[in-house]
Number of protein chains: 2
Amino acid sequence: MLTRLFSWSIALASIAAAPAVMAEDGYDLWLRYPKAEGTALSTLSSHATSIAIAAQGDTAKVARDELIRGLGKMTGVNPTVAGTPQAGSIWLATPATDPALASQPVKLDGLGDEGYLIRTVTVNGNPVTLIAANREIGLLYGAFHYLRLAQGGGSLDRIDIRSTPKIKLRLLNHWDNLDRTVERGYAGQSIWDWWRLPEWKGPRYTDYARANASLGINGTVLNNVNAKPESLTAPYIAKAAALADVFRPYGIKVYLSARWSTPVELGELKTADPLDPQVAAWWKAKADEIYKAIPDFGGFLVKANSEGQPGPQDYKRNHAEGANMLAAALKPHGGIVMWRAFVYAHDNPDDRAKQAYADFKPLDGQFADNVLVQVKNGAIDFQPREPFHPLFGAMPKTPLMMEFQITKEYLGQSTNLTYLGTLFQETLESDTYAKGKGSTVAKVIDGSLDGHKLTGIAGVANIGVDRDWSGSIFNQADWYAFGRLAWDPELGAEGIAREWAALTFSPDRRIVDPVVRMMMGSREAAVNYMTPLGLAHIMSVYGHYGPGPWVDTLDRPEWNPVYYHRADAQGIGFDRTATGSNAIAQYAPEIARRLAKVSTTPENELLWWHHVGWDQKLSSGETLWDSLVHHYDQGVAYVQGMRQQWAALRPYVDADRFKQTETFLMMQEQDARLWRNACIAYFQSISKRPLPAGAAAPEHPLEWYKALKWPYNPGQP
Amino acid sequence: MLTRLFSWSIALASIAAAPAVMAEDGYDLWLRYPKAEGTALSTLSSHATSIAIAAQGDTAKVARDELIRGLGKMTGVNPTVAGTPQAGSIWLATPATDPALASQPVKLDGLGDEGYLIRTVTVNGNPVTLIAANREIGLLYGAFHYLRLAQGGGSLDRIDIRSTPKIKLRLLNHWDNLDRTVERGYAGQSIWDWWRLPEWKGPRYTDYARANASLGINGTVLNNVNAKPESLTAPYIAKAAALADVFRPYGIKVYLSARWSTPVELGELKTADPLDPQVAAWWKAKADEIYKAIPDFGGFLVKANSEGQPGPQDYKRNHAEGANMLAAALKPHGGIVMWRAFVYAHDNPDDRAKQAYADFKPLDGQFADNVLVQVKNGAIDFQPREPFHPLFGAMPKTPLMMEFQITKEYLGQSTNLTYLGTLFQETLESDTYAKGKGSTVAKVIDGSLDGHKLTGIAGVANIGVDRDWSGSIFNQADWYAFGRLAWDPELGAEGIAREWAALTFSPDRRIVDPVVRMMMGSREAAVNYMTPLGLAHIMSVYGHYGPGPWVDTLDRPEWNPVYYHRADAQGIGFDRTATGSNAIAQYAPEIARRLAKVSTTPENELLWWHHVGWDQKLSSGETLWDSLVHHYDQGVAYVQGMRQQWAALRPYVDADRFKQTETFLMMQEQDARLWRNACIAYFQSISKRPLPAGAAAPEHPLEWYKALKWPYNPGQP
């Protein structure tokens, strides 16, 4: 069974050809620009002798400087800066600054404000690489794309690329607190050195901007959605403005999370009723104050009436009334509001998975035109697998903004290798059937399904002060994948992984191929050893890191793992059909019909939708119980396979980055076994079924697993 | 007045000769090993062609590797490793591994376990640089000393150096918490990545060990003196053991802060009475457990019955009874106890400065022989200036261990340039007169005054995850100075600054001279703009950063600034003479006599010892009030001078490090003005004297300064 499900062809390393590897620490992310050799070097040297750029703005300078940096590092010689394009030039041009563009056979129509083209053209008989865009930011995005090609080592003749982002707002959300802790952050403390801002702007901020611009990320929310009122006070606005100044040339706008009760907590008003004119006036003045400091401030992200956060419902107003009041304050300045739909009330006994839909769908069409409703990918909370959120497709009149979690709160945090590109893709290509077949989530959020111009996607960042930014080298891939999918939500996770691996390690197929193979099955492995077959929310209270399927003591019922798996003597799983919570009815009929029956429910979501008997035969012929155990074992085996695959790559990867991944994979195998054993011990105590043949009994008794603690989890709020 | 007190001769930069400077981020500290050029390069190349080393232990390998690293970077060519010394070799030798040493004209007598000699010798007619020591750790210290010489660019012929540390235990104390916050830490979060220890040992730990070994620091207390019981549980012992494994080859032992009530808080005992045999047995078993994991564990640091920490007094036992119980548990393993004398009781109305002496002097001679009493440099708490602690010289039968604060809790934290070498030196050369003239504090702590073999010195570390380790480049100098003074407490602060500047920037006198000049007056400048003329403890409640001379609302009287300055209509200052608290009586008669009168009290300590009238004429002829104001202005002016001096160094320093210091000096000038203005505004409201001619009135009214807040101070516990 196990061998059928995957095969490891471990590349036989040709030791004689292993290249010497310079020491690396991950700081350069995918922008390493390693020194080229051989044909790659001569190709680069001839195709990038100079940068010709007439545009003079800060963004144009940044584009030019990045090309100089990258090509200088790769060839050993900085390209010169030329006034006009010559043989081997890279020519960056906009219509406004380069009249000569008009005589080139390129059309900038449809590139919009951020798109670009890259084309090999001829100028005075000389081959030149043209990067053209309507605005300077397109030149920067094009420059990064060119550098990506350049690092690939392939031919740079006859380039013909056009690229335009499909989603307007492509944001990171930092859940960073003012004391520099990061909620659900596992990569060290916040990179925002609030204490020494606004005066001191260290080089890290610039490198942050470069990394994000290289992906096309164009906005960042600086502070935790569980916000503090101080974030909107003058000193902190000034600190945000200092960051905005660093980011501006890179096309990155600054946004802030706004706490609903800020005016009251600052002692300036006695109410935060959105329909009270004083409140509206306060926010209008606050917006004016912010825009004086940050003229291109993006807007507010709001978590309201969720998990104890204050909000309009405290004043018997609804989400739209709240959002619209803020939106009115921002509108004159061009700002927007992102209002989070992550709500579930502690006094609402209904299925937690249904509550956001129940609260928000009736408000469709009631939001102001500069409001987006920000929706998590699934209806619970960033579990290893969740079916797509029922709101996607259900609010055609409202721009919905996707919220993905890049930081791996439930997927092994910093040490577990679980490439999220596959998770993101899975959600984006899910078909909502809102307007018939093909109504994918991607088309909902890129606005094409319902005709929205204001569109957005957000990723909860996995960034901290760790030298490698994201807590591990492979965690960087998740940031990378998010950015690439934000630019084009229809890209494939495998292609993205391939890009990332080539940039991060080497374009050598002997490295890329096995690395990509590791990555592509890694998320599913975590699903398998943590929450297979559609299970969810089984984690320990200690920072959401280890297993805790037995937990039933938390204040709110829907925080307890037992609420989710509902394991009993008969079976396991949450009945969301008509005989249960009927959450399936929140989906399109095509979907609801399919999910109504066990036999037509995708097996990897089975226990999300159904309470299934332990002895129920699945399509594989196995019983549910046996399949559950086998999935755990498959997860563990996959990690073992990754360890072997990685070990074979030792000659090809620099020592420090090799060792980190080697160590983390070893820890991941321990974690995978722990999850497997703890869950089997617990569920077996309920199912009372024997383990299938070949499955080892857990090493320790259930009480041993129950006694485990993980104190001082880095991301614990 | 102002110009008399200092003169700035700003070096005229010869721009034509300014060298090209590579980008730097401070990570390499003073171990940059920059590429040599010209004669320096040829000197190095001929004097360090190979490393000859017969010793085979881990420490020998580290010494060899550091030489290869350093010389490789400086010359561009890694020295080879030779079996026997040849022309141009660096020969590392111990008697145990190199019989040939016996035929060399060098004596290793008196070098002890850690000392070394470096001598140009002849082997088979060839000039060879010999680094010899009795044990491998001496070879490592000698190698670092050699590398220091090598970076200086001078001649390497005819070296003749002997060096032996004067103090046995040379420790850092990290006030690092298990959640990675650092109490009074301003350089980012703790470098101890507890969550991913013991498995993951990142490269930073090795570089930490290298940096400390280069200074001769041989021990580190990993956790905050405000300790948690978890630090002594098995998982955290394992994490400490992993760090100990990294540090061991570098001669660095690991110690832990032990919370007195640990056995009770872990639920294992009902009492922590040190005379209860169960308690002694518990600690004996705990010590056994620790030593199983860490065979060369150093011992415990204990803060007990201080600022709310539990301790033996909770059971009506005294400090010695407590310390001795722990000492007995550690003694079989060779471990020691460092028992802190930083005590002051909230229910003791006596002068806070007297209480530690009152508690500890009666216990002199009662401590076990593996106990040191750790004493802060002054009697209050690490103020910009404090007279030396009265316990120095008062406990001849007890080894007293100095506790300096390297992190600048009260001296401007991360952004203020205030070189502490001068503060350390001032304390160390203070004469206690305990056994007549010359009974310096240095001689107390190096054991020579009272014949102690067990000796120690500790520095509260200024280290965190910031890329530059210490929060700023110039803060690194304080770590450096502490280490050098720990090795030899009679070194001069200026010589140390000169060493450090040459290693950190360049040996070029055009850089070293002005940098050293900046550094040498910088601590006094801070004294001047914060707490001149012997004032102390005037800081804000917000993280101890800004001015707060008016504060009188804290729970304990001796936490309030007003307790210390006692400003009233008549004057200012704390009477510690016989008419006041009589703290002077805790010092030797020679000192007490001198301090009894204003006219013989050193002016820079005046208000520490006396309440002085605003109109009192000082030796300068100025009134106290006028002098106070002038000191504030001198402090501000000094910072302005530093800014000008630093600006002139722009061509000589890499851009990022230049800009950081430039920015921080700008912030420091703002801080200096703020302190000056806030203090003058407040004290003038009490003195009601006019400002002296030429002194500007504070920019804002007193209420404005009183309303200032500094939220989210990084080091606030």
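Residues numbered from 1 in each chain as written. Chains lettered and ligands numbered in written order. Predicted model: local features only at pLDDT ≥ 70, side-chain atom pairs only at ≥ 80, totals over all residues. Heavy atoms only, no water.

Thoughts on helix α8 (residues 277-293) of chain B
Residues and elements named next belong to chain B. Here α8 is 17 residues long and its end C-alpha atoms lie 25 Å apart, about the 24 Å a rise of 1.5 Å per residue gives. Next to the buried residues of α8 lie α6 (234-247), α7 (262-265), β10 (299-302) and α9 (319-330). Two or three places before Q278, at the opening of α8, D276 has a side-chain oxygen 2.8 Å from that residue's backbone nitrogen. (Helix = DSSP H or I, 4+ residues; strand = E, 2+ residues; numbered from the N terminus. Expected span 1.5 Å × (residues − 1). Contact = heavy atoms within 4.5 Å. Polar contact = N/O pair within 3.5 Å; in protein donor to acceptor, adjacent residues only side chain to side chain.)

What to know about the pairing of strand β9 (residues 253-257) of chain A
Along any regular strand, the residues point their side chains to alternate faces of the sheet. Residues and elements named next belong to chain A. The buried fraction of β9 is high, at four of five residues. Pairing geometry for strand β8 (residues 219-221) and β9, over three bridges, is parallel. When the bridges of β9 are listed, T220 appears paired with V254. Looking at chain direction, β9 and strand β10 (residues 299-302) are connected through two bridges and run parallel. (Buried < 20%, exposed > 50% of the residue type's maximum accessible area, 1.4 Å probe, protein only. Pairing = 2+ DSSP bridges.)

Focus: the nonpolar core
Counting residues in hydrophobic clusters, the biggest one holds 461 residues, and the most contacted among them are F683 of chain A together with F683 of chain B. Residue contacts for F683 of chain A: discarding those within four places in its chain leaves L535, I538, P549, H565, A567, I572, W614, W625, L628, Y632 and K688 of chain A. (Core = buried A, V, L, I, M, F, W, Y, C linked by side-chain atoms within 4.5 Å.)

Some points on the packing of aromatic side chains
One pass over the structure, following the stated rule, counts 78 aromatic pairs over all chains. Ring geometry for Y545 of chain A versus W195 of chain B: centroids 5.1 Å apart, planes at 85°, classification edge-to-face. One end of the pair, Y545 of chain A, is in the loop between α15 (509-530) and α16 (561-565); the other, W195 of chain B, is in the loop between β7 (169-173) and α5 (203-215), on a second chain. Across the pair, W195 of chain B and Y545 of chain A agree in class, each one buried. Geometrically, the ring pair formed by W192 of chain B and F247 of chain B is tilted, given 5.9 Å between the ring centres and 55° between the ring planes. Within this pair, whereas W192 of chain B is found in the loop between β7 and α5, its partner F247 of chain B is found in helix α6, the two being separated by 55 residues in sequence. Between the NZ or CZ atom of K376 of chain A and the centre of the ring of F342 of chain A, over which it lies, the distance is 3.3 Å. (Phe/Tyr/Trp six-rings, centres within 6.5 Å; stacked < 30°, edge-to-face > 60°. Lys NZ or Arg CZ within 6 Å of the ring centre and 35° of its normal.)

As for the confidence of the model for chain A
Residues and elements named next belong to chain A. Of all residues in chain A, 97% attain a pLDDT of 70 or more, and the chain-wide mean is 95. Every residue in residues 1-17 is under pLDDT 50, and counting partners more than four places away or in other chains gives 26 contacts. Two numbers describe this predicted complex: its pTM, 0.96, and its ipTM, 0.95. (pLDDT = per-residue confidence, 0-100.)

Structural notes on unusual backbone geometry
Residue and element names in this part refer to chain A. P198 follows L197 through a cis peptide bond whose omega is 5°. The topology assignment puts P198 in the loop between β7 (169-173) and α5 (203-215). Look at R184: it is not a glycine, yet its phi comes out positive at around 60°. Note that R184 resides in the loop between β7 and α5. Judged by relative accessible area, which is 9%, R184 ranks as buried.

Side note on the interface of chain A and chain B
Opposite the 36 residues of chain A that make contact, chain B presents 36 residues. Buried area between chain A and chain B, both sides added, is near 2,900 Å², and the carbon and sulfur share of it is 61%. The largest per-residue losses of area from chain A upon contact with chain B belong to W195, R196 and Y712 of chain A, which jointly make up 30% of the total buried on that side. Remark: the boundary between chain A and chain B carries four salt bridges. Taking the shortest distance from any N to any O, the salt bridge between D25 of chain A and R467 of chain B comes out at 4.0 Å. (Buried area = accessible area lost by both parts, 1.4 Å probe. Salt bridge = Lys/Arg side-chain N within 4 Å of Asp/Glu carboxyl O.)

Digging into the packing of helix α2 (residues 38-47) of chain A against helix α3 (residues 58-75) of chain A
All names here are of chain A. For the pair α2 and α3, interaxial distance at closest approach is 9 Å and the crossing angle is 140°. Our classification of the angle between α2 and α3 gives oblique. The element α2 and its partner α3 pack so that their crossing is left-handed. On the side of α2, the interface is formed by L41, L44 and S45, while α3 contributes L71, M74 and T75. Looking at side-chain class alone, the contact of α2 with α3 contains four nonpolar, two polar and no charged residues. (Axes fitted to C-alpha atoms, helices over the stretch in contact; angles between N-to-C directions. Parallel < 35°, antiparallel > 145°, perpendicular 65-115°, else oblique. Left-handed = near helix turned anticlockwise from the far one by under 90°. Nonpolar A, V, L, I, M, F, W, Y, C, P; charged D, E, K, R; others polar.)

Section: the UniProt feature "active site" (unreviewed entry) in chain A
Residue and element names in this part refer to chain A. Here the UniProt-annotated "active site" (unreviewed entry) positions come out as E307, D381 and E409. Within the secondary structure, D381 sits in the loop between β12 (371-376) and β13 (400-405). Discounting residues that sit within four places of it in the chain, D381 has contacts with F342, R352, K376, E386, E409 and Y410. Side-chain polar atoms of D381 contact the side chain of K376, separated by 2.6 Å. Note that E409 resides in the loop between β13 and α11 (421-428). Here E409 falls in the buried class, since its relative accessible area comes to 3%. Apart from the residues within four sequence positions on either side, E409 is in contact with W175, R184, Y186, D381 and H544. (UniProt positions renumbered as here; feature names shortened; annotations may be inferred.)

Section: the sheet that holds strand β3 (residues 89-93) of chain A
Residues and elements named next belong to chain A. Read across the sheet, six strands follow the order β2-β1-β3-β5-β4-β6 without closing on themselves; strand pairing throughout is mixed. Single-partner strands in this sheet number two, and they are β2 (80-82) and β6 (160-163). Between one strand axis and the next, the sheet turns by 30° as a mean value, whatever way the strands run. Two elements, strand β4 (residues 116-123) and β6, share four bridges in a ladder whose sense is antiparallel.

Notes on the relation of the copies chain A and chain B
Structural alignment of chain A on chain B gives an RMSD of 0.0 Å, achieved by rotating through 180° and translating 0.0 Å along the axis. Taken together, the rotation and translation relating the two chain copies correspond to the operation of a two-fold axis. Taking C-alpha positions as reference, the residue of chain A nearest the rotation axis is Q189 of chain A, located at 3.4 Å. Of the interface residues in chain A, 100% have counterparts in chain B that sit at the interface too, so the contact is made through matching surfaces. (Least-squares fit on C-alpha atoms with pLDDT ≥ 70 in both.)

Section: the sheet that holds β10 of chain B
Residues and elements named next belong to chain B. Spatial ordering of the closed barrel is given by β7-β8-β9-β10-β11-β12-β13-β14, a layout of eight strands whose pairing is parallel. Strand-to-strand, the axes of this sheet are offset by a mean angle of 25°, without reference to chain direction. The sheet strands contacting helix α13 (residues 473-487) are β7, β13 (400-405) and β14 (456-460), and the helix crosses β7 at an angle near 155°.

Some details on the pattern of salt bridges
All names here are of chain A. The final tally for this structure, using the stated rule, is 98 salt bridges over all chains. With a shortest N-O distance of 2.8 Å, R196 and D193 are connected by a salt bridge. According to the relative accessible area criterion, R196 is buried, its value standing at 5%. A salt bridge links D273 to R317; the shortest N-O distance between them is 2.9 Å. Taken together, the positions of D273 in the loop between α7 (262-265) and α8 (277-293) and R317 in the loop between β10 and α9 (319-330) put the pair 44 residues apart, joining distant regions of the chain. Residue D273 is classed as buried on the basis of its relative accessible area, which comes to 13%. When salt bridges that share partners are traced, they join E24, R32, D654 and R657 into one network.

Thoughts on the side chain of E403 of chain A
Residues and elements named next belong to chain A. Relative to the helices and strands, E403 resides in strand β13. Judged by its relative accessible area of 0%, E403 falls in the buried class. Polar contacts involving the side chain of E403 include one to the side chain of R340, which spans 2.8 Å. The contact partners of E403, leaving out residues within four places of it in the chain, are N173, W175, R340, Q374, V375, K376, N377, F382, A458 and V460.

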